[in-house]
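Okay, here's what each chain looks like letter by letter:
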Amino acid sequence: MVADRKCRRDYGMFAHLGNKKFYDFAEVSREIVRETERLTGGKGSVTISTSPIILKVVAKDVLNLTLVDLPGMTRVAIRGQPKDMPDQLRNMCLKFIEDPNTIILAVSAANQDLAVSDAIKLAKKVDPKGDRTLGVRVSRSSSLSLISFTQNTLTNTGTHET
């Protein structure tokens, strides 16, 4: 995200499309799906890509910030995936979250026991004190529960409905 105080209308631009500006963020979402399918082999593909989809969002009232959306963790490869898929995902995530300047957003299902959350376990591996980790519990009703990590303990800081 790029802050531009002179920006009159928020827009997004994808690196793979050059300088084309998207003012409709529903179209941005559709382009993310199209590019994901192109990079992973099409709709319904079970593969992942290590190639990032780079989206630059320019707006008046945002912070200059880089966000990286990583694939979810899995413990078992499904049909059509390499047997080492869980290791590939783990290594891809570690590549990004090891950087001490990275803020980690560890997303877990609301119905999952946090003690066994792969996202939280991985975050604790590189950020044992939780100084740069935020936990997010997501339910199907789209409510988010923010969790802060302090000295290896979890403290629920409230719920935000989206």
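Up top you'll find the structure we're talking about.
This structure is a prediction, so every number in the text was calculated from the model and none was measured.

Thresholds applied
Residues numbered from 1 in each chain as written. Predicted model: local features only at pLDDT ≥ 70, side-chain atom pairs only at ≥ 80, totals over all residues. Heavy atoms only, no water. Helix = DSSP H or I, 4+ residues; strand = E, 2+ residues; numbered from the N terminus. Buried < 20%, exposed > 50% of the residue type's maximum accessible area, 1.4 Å probe, protein only. Contact = heavy atoms within 4.5 Å. Areas by Shrake-Rupley, 256 points an atom, 1.4 Å probe, with all protein chains shown as cover. Core = buried A, V, L, I, M, F, W, Y, C linked by side-chain atoms within 4.5 Å. Pairing = 2+ DSSP bridges. Right-handed = clockwise from strand over helix to strand, strands pointing away. Salt bridge = Lys/Arg side-chain N within 4 Å of Asp/Glu carboxyl O. Axes fitted to C-alpha atoms, helices over the stretch in contact; angles between N-to-C directions. Parallel < 35°, antiparallel > 145°, perpendicular 65-115°, else oblique. Left-handed = near helix turned anticlockwise from the far one by under 90°. Nonpolar A, V, L, I, M, F, W, Y, C, P; charged D, E, K, R; others polar.

Chemist: Describe the overall build of the chain, listing the residues and the values that go with them.
Modeler: A count of helical and extended segments in the chain gives 3 helices and 7 strands. Ordered by position in the sequence, the α and β elements of the chain form the string β-β-α-β-α-β-α-β-β-β. Here the chain, with 162 residues, has 25% of them falling under the buried criterion. Nonlocal contacts in the chain, meaning residues at least 24 apart in sequence, comprise 46% of its contacts between residues at least 6 apart. Per element, the accessible surface of the chain, about 11200 Å² overall, is 53% carbon and sulfur.

Chemist: I'd like to hear about the nonpolar core, residue by residue, with values.
Modeler: Membership of the largest hydrophobic core is limited to 9 residues, which are Cys 93, Leu 94, Ile 97, Ile 104, Ala 106, Leu 114, Ile 120, Leu 122 and Ala 123. Listing elements by their share of this core, those giving two or more residues are α2 (85–97), β4 (104–109) and α3 (118–126).

Chemist: Just give me the short version of the pairing of β4, but keep the residues and values in it.
Modeler: Here β4 shows a clear split, with Ile 104, Ala 106 and Ser 108 buried on one side and none of Leu 105, Val 107 and Ala 109 buried on the other. In terms of strand pairing, β4 meets strand β5 (residues 133–138) through 6 bridges, oriented parallel. Residue Val 107 lies in a different strand from β5, and its bridge partner there is Val 136. As a crossover connection, the stretch from β4 through α3 into β5 is right-handed.

Chemist: Residues and numbers for the pattern of salt bridges, please.
Modeler: Under the defined criterion, the tally for this structure stands at 7 salt bridges. Asp 118 serves as the salt-bridge partner of Arg 75, at 3.1 Å between the closest nitrogen and oxygen. One end of the pair, Arg 75, is in the loop between β3 (55–59) and α2; the other, Asp 118, is in helix α3, with 43 residues separating them in the sequence. Accessibility expressed as a relative area gives 53% for Arg 75, which makes it exposed.

Chemist: I'd love a proper account of the packing of α2 against α3, names of residues and values included.
Modeler: Relative orientation of the contacting elements α2 and α3 amounts to 45°, with a least axis distance of 11 Å. Taken as axis vectors, α2 and α3 run oblique relative to one another. The two elements α2 and α3 meet at a crossing, and its hand is right-handed. Of the residues in α3, those in contact with Arg 90, Cys 93, Leu 94 and Ile 97 of α2 are Leu 122, Ala 123, Lys 125 and Val 126. Grouping the amino acids of the contact of α2 with α3 by side-chain chemistry returns 6 nonpolar, no polar and 2 charged.

Limitation: the analysis is restricted to geometry and does not speak to function.
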